[in-house]
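# Report on the structure
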Amino acid sequence: MKVHQAEIVISAVSPKQYPETDFPEIALAGRSNVGKSSFINTLIDRKNLARTSGKPGKTQTLNFYLIENCLHFVDVPGYGYAKVSKTERAKWGEMIETYITSRKQLKAVVSLVDMRHEPSKEDVQMYEFLKYYKIPVILVATKADKIPRGKWNKHVSVIKKALDFDPTDDFIMFSSETKMGKEEAWQAIEAKIKDKQV
């Protein structure tokens, strides 16, 4: 998809604030510093619509981005950030769970993991949670440019093993620096949107 129009339409904390449209939605989930904002900005060809922050844990709401007047990206709060209180984390968890389990417009979740490291406990929990609720998953391994090409396969198999990865899910190696994986990510997203509308 070539994106000419993209804007943030609302930051929501509860269902009554969600946009009242039937546009398909793709949620983005991942650790606080996994590169979610960079992923969004790369996909929509913007420098800083999704604000990248030196401070992980900055997204504390569900941020709805309207893309081309036909699709919402929903950026959910990053998890696994230690400086946030337990109560705050529980609140986010509840907010994410409510959205993911009850939103009929949700077509898939882009689950982002850092390709350089074995998935964290939270990464595994998030993946298991999505599988449990039968939510289509697009797994994106970010920061691929930071790993020598010869070691890609090794890193990919470490990630897949840790997550007990379902081969029917999409797996995309991604780099916001080199734009690697951008086309594949859009193809996977477009397929998920069409999938559910048949």
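Residues numbered from 1 in each chain as written. Predicted model: local features only at pLDDT ≥ 70, side-chain atom pairs only at ≥ 80, totals over all residues. Heavy atoms only, no water.

## Brief notes about the pairing of strand E5 (residues 106-114)
Within E5, nine of the nine residues are buried, which leaves the element mostly enclosed by the surrounding structure. The pairing of strand E2 (residues 25-30) with E5 spans six bridges and is classified as parallel. In the sheet register, glutamate 25 faces E5, and the bridge partner there is leucine 106. In the sheet, E5 pairs with strand E6 (residues 137-142) via six bridges, with the strands oriented parallel. Within E6, the residue paired with valine 110 across the bridge is isoleucine 138. For the crossover from E5 across helix H3 (residues 121-132) to E6, the handedness is right-handed. (Buried < 20%, exposed > 50% of the residue type's maximum accessible area, 1.4 Å probe, protein only. Helix = DSSP H or I, 4+ residues; strand = E, 2+ residues; numbered from the N terminus. Pairing = 2+ DSSP bridges. Right-handed = clockwise from strand over helix to strand, strands pointing away.)

## Some remarks on the packing of helix H2 (residues 86-102) against H3
The geometry of H2 relative to H3 is characterised by a closest axis approach of 11 Å and an angle of 30° between their N-to-C directions. Judged on the interaxial angle alone, H3 and H2 are roughly parallel. Remark: the crossing between H2 and H3 carries right-handed chirality. Residues Ile96, Glu97, Ile100 and Thr101 of H2 touch H3, and the partners they reach there are Met126, Phe129 and Leu130. Its residues placed into classes, the contact of H2 with H3 shows five nonpolar, one polar and one charged. (Axes fitted to C-alpha atoms, helices over the stretch in contact; angles between N-to-C directions. Parallel < 35°, antiparallel > 145°, perpendicular 65-115°, else oblique. Left-handed = near helix turned anticlockwise from the far one by under 90°. Contact = heavy atoms within 4.5 Å. Nonpolar A, V, L, I, M, F, W, Y, C, P; charged D, E, K, R; others polar.)

## Section: the pairing of strand E3 (residues 62-67)
The buried count for E3 comes to six of six residues, which makes it a mostly enclosed element. Going residue by residue along E3, you find Leu62, Phe64 and Leu66 tucked away on one face and Asn63, Tyr65 and Ile67 tucked away on the opposite face as well. Relative to E3, strand E1 (residues 6-12) is paired through six bridges, and the arrangement is antiparallel. Bridging across to E3, serine 11 finds its partner in asparagine 63.

## Quick look at the pattern of salt bridges
Where charged atoms from two side chains of opposite charge come close, those side chains can pair. Tallied over the full model, the rule gives eleven salt bridges. A salt bridge links glutamate 25 to arginine 103, with the shortest nitrogen-to-oxygen separation between them at 2.7 Å. You can see glutamate 25 sitting in strand E2 and its partner arginine 103 sitting in the loop between H2 and E5, a full 78 residues away along the chain. Here arginine 103 falls in the buried class, since its relative accessible area comes to 13%. The residue aspartate 166 makes a salt bridge to lysine 131 at a minimum N-O spacing of 2.9 Å. One end of the pair, aspartate 166, is in the loop between helix H4 (152-163) and strand E7 (170-173); the other, lysine 131, is in helix H3, with 35 residues separating them in the sequence. Judged by its relative accessible area of 23%, aspartate 166 is partly exposed. On the basis of relative accessibility, which here comes to 28%, the residue lysine 131 falls in the partly exposed class. A network of salt bridges, in which partner residues are shared, links Lys2, Asp45 and Lys182. (Salt bridge = Lys/Arg side-chain N within 4 Å of Asp/Glu carboxyl O.)

## Here we look at the sheet that holds E2
Read across the sheet, seven strands follow the order E1-E3-E4-E2-E5-E6-E7 without closing on themselves; strand pairing throughout is mixed. Lying at the two open borders of the sheet, with one neighbouring strand each, are E1 and E7. Recorded for the sheet is a direction-independent mean angle of 25° between the axes of neighbouring strands. Across the sheet, H3 lies against E2, E5 and E6, angled at about 160° from E5, the strand it touches most.

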